[in-house]
Amino acid sequence: SVVYKGRKKKTFEYVAVKSVERSRRKKLMNEVRIFHNLQHRNILKFYNWYETRNHLWIIFEYCSGGDLSQVIE
């Protein structure tokens, strides 16, 4: 998967947009179910998911600061 920085048109709020190949739909839908039920201040908020012809997209809260593995190092 690849994660992009997106922006809501009306509010100018940034979001994280995760793109996954449609062939991995079963795994992604499991991830969506898990994130949909999680609510904690230390976990990014899940907003929604979308499906296009070739990809599945998950929309999360945007967290600035770079890659988590780089922060941990």
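The structure displayed is predicted, hence computed values, not measured ones.

Participant: Lay out the pattern of salt bridges with the relevant residues and their values.
Facilitator: Under the definition given, this model contains four salt bridges. A salt bridge links Lys18 to Glu31, with the nearest nitrogen and oxygen atoms 2.9 Å apart. Of the two residues, Lys18 sits in strand β2 (residues 14–21) while Glu31 sits in helix α1 (residues 25–37), which places them 13 residues apart along the sequence. The salt bridge partner of Glu51 is Arg22, with a shortest N-O separation of 2.8 Å. One end of the pair, Glu51, is in strand β3 (residues 46–51); the other, Arg22, is in the loop between β2 and α1, with 29 residues separating them in the sequence.

Participant: How would you explain the environment of Phe35 if you had to name every residue and give the values?
Facilitator: Note that Phe35 resides in helix α1. Overall, Phe35 belongs to the partly exposed group, its relative accessible area being 22%. For the pair Phe35 and Ala16, spaced 19 residues apart in sequence, the C-alpha to C-alpha distance is 14 Å. Ignoring anything within four residues of it in the chain, the contact list for Phe35 reads Ile43, Leu44, Phe46 and Phe60.

About the thresholds
- Residues numbered from 1 in each chain as written.
- Predicted model: local features only at pLDDT ≥ 70, side-chain atom pairs only at ≥ 80, totals over all residues.
- Heavy atoms only, no water.
- Salt bridge = Lys/Arg side-chain N within 4 Å of Asp/Glu carboxyl O.
- Helix = DSSP H or I, 4+ residues; strand = E, 2+ residues; numbered from the N terminus.
- Buried < 20%, exposed > 50% of the residue type's maximum accessible area, 1.4 Å probe, protein only.
- Contact = heavy atoms within 4.5 Å.

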